[in-house]
Amino acid sequence: MRRFAIPAVAVFVAAGLLALLAFGVAHQGTNSSIDAKVARGDYPVAPGAHMLLPILGSSGRESLADLRGKVVVINVFASWCDPCAAEAPILEQEQRQLVKHDATILGVTYLDNSSDSEQFVHQHGITYPVVRDVSGNFVRGFGTSGVPETYVINRQGRIVALSREQLVGDWLQQTMTRVLAQSA
Amino acid sequence: MIRIARRAGATALLIALIAAPLALASTTAAAAPRASLTDIESDVMCTSCREPLEVAQSPQADSERAYIRGLIAQGETKQQILNNLVAQYGTAVLGKPPAHGFNLTVYVIPPAIVAAGAAILALTLPRWRRRTRAAARAPAATAPALDPADAQRLEQELSQFRG
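Not measured: the values here are computed from a predicted model. (Residues numbered from 1 in each chain as written. Chains lettered and ligands numbered in written order. Predicted model: local features only at pLDDT ≥ 70, side-chain atom pairs only at ≥ 80, totals over all residues.)

Asks: I would appreciate a short explanation of the nonpolar core in the present structure.
Replies: By size, the foremost hydrophobic cluster in this structure holds 58 residues, and its most contacted members are Ile74(A), Ala78(A), Val108(A), Val147(A) and Ile153(A). Other than its neighbours up to four places away in sequence, Val108(A) contacts Ile74(A), Asn75(A), Val76(A), Val131(A), Asp133(A), Phe138(A) and Val139(A). (Core = buried A, V, L, I, M, F, W, Y, C linked by C-beta atoms within 7 Å. Buried ≥ 20, exposed ≤ 12 C-beta atoms within 10 Å, placed from the backbone. Contact = placed C-beta atoms within 7 Å.)

Put into structure tokens, the structure is as follows:
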């Protein structure tokens, strides 16, 4: 019996290490289940709604829950990202329409330093609120793997549309027309 | 009066001679080494590409480098810069993750594996050595004895050869 004790311990330890590795990898991976649910119309509740995030250029904090009742377009961006700069005018133009319908864009900076983000906001004349996700915990809940990404949250706090690439054409305008009509 | 002045002058000179190296030493100790981009780059990550910043080539890596250069220009020490980077990019920016939560595995598992390996060797090596020694001490295996008839026949044949 003692003869098998050491190999058994070695196998047990190796299995434990593999389980740990699998756990780590699973938590690093992107969450694509949101995309699938949105695609089939089974709109998931926006994650991390009560997570307080620092407001860019301010000492205050804001959460998605603070905007409950509004249609919210979350745009994840970074100042160093060229596609983010390219879509900034589209978002700002849309914001001017959204404020008339009790809706707003919420910029979320990710993988960026605050001074560069502030400069970006200033350069592009962004008027919508911008918060910082320093840890990345908020955007990771949405399965964010890079920038830019955009999520549309309806008045019930559910994700009803998303784009994991640069906004092109009139995707945002068409989506918002549909979502605002549904929640009117 | 002159003697007192001379004595006071000598005392002041002595104090100055003793104090000067001490003051120099304390200044040197207080001044933290000046941070360098090369040094910091090796300790931090490009957070978007998940590579060490020293090898990363991406717009985010360039932005991070520019930010570090700015902090160096402001005269911040390496530790202050690292703290600042964590405040801006989160703990993912650190090459060595902080030792809490799941990150503890990085610090605990490798030494545990080495310790377990050493323990296994410590247990098994003496046993292997004992077995080897016991095998060396055991008498060599002998051939089975011949029965009397065969022994007699062998002796006869050998005697023929001996002539």
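Asks: I keep staring at the packing of helix H3 (residues 82-98) of chain A against helix H6 (residues 171-182) of chain A and nothing clicks. Help me out?
Replies: Axis angle and axis distance: for two packed helices, these are the angle between their axes and the distance between the axes, and together they describe the pair. All names here are of chain A. Here H3 crosses H6 at 25°, and the two axes come no closer than 10 Å. Between H3 and H6, the angle falls in the class roughly parallel. Handedness of the crossing formed by H3 with H6: right-handed. Listed contacts from H6 to Ile90, Glu94 and Leu98 of H3 are Leu172, Gln173 and Met176. A breakdown of the residues in the contact of H3 with H6 according to their chemical character gives four nonpolar, one polar and one charged. (Axes fitted to C-alpha atoms, helices over the stretch in contact; angles between N-to-C directions. Helix = DSSP H or I, 4+ residues; strand = E, 2+ residues; numbered from the N terminus. Parallel < 35°, antiparallel > 145°, perpendicular 65-115°, else oblique. Left-handed = near helix turned anticlockwise from the far one by under 90°. Nonpolar A, V, L, I, M, F, W, Y, C, P; charged D, E, K, R; others polar.)

Asks: Explanation requested: the interface of chain B and chain A in the structure shown.
Replies: Frequently, the measure chosen for interface size is the accessible area that the parts lose on association. In this assembly, 18 residues from chain B lie in contact with 17 residues from chain A. Secondary structure elements with two or more residues in the side of chain B that touches chain A: helix H3 (59-73), helix H4 (78-89) and helix H5 (104-137) of chain B. Among the elements that line the side of chain B that touches chain A, the one with the most residues is H5(B), at six residues. Its residues assigned to classes, the side of chain B that touches chain A comprises nine nonpolar, eight polar and one charged.

Asks: Teacher, can you tell me more about the domain arrangement of chain B here?
Replies: In terms of domain boundaries, chain B breaks down into domain 1 (37-98) and domain 2 (103-134). Taken over C-alpha atoms, the centre of domain 1 of chain B sits 38 Å from the centre of domain 2 of chain B. (Domains from an automatic or database assignment.)

Asks: In this structure, what is going on with unusual backbone geometry? I would like to understand it.
Replies: Most peptide bonds take the trans form, and the phi angle of most residues other than glycine is negative. Residues and elements named next belong to chain A. Here the amide bond leading from Val147 into Pro148 is cis, since omega sits at -5°, within 30 degrees of zero. Of note in the backbone geometry, Asp102 takes a positive phi value of approximately 55° without being a glycine. With respect to the helices and strands, the residue Asp102 is situated in the loop between H3 and strand E4 (103-110).

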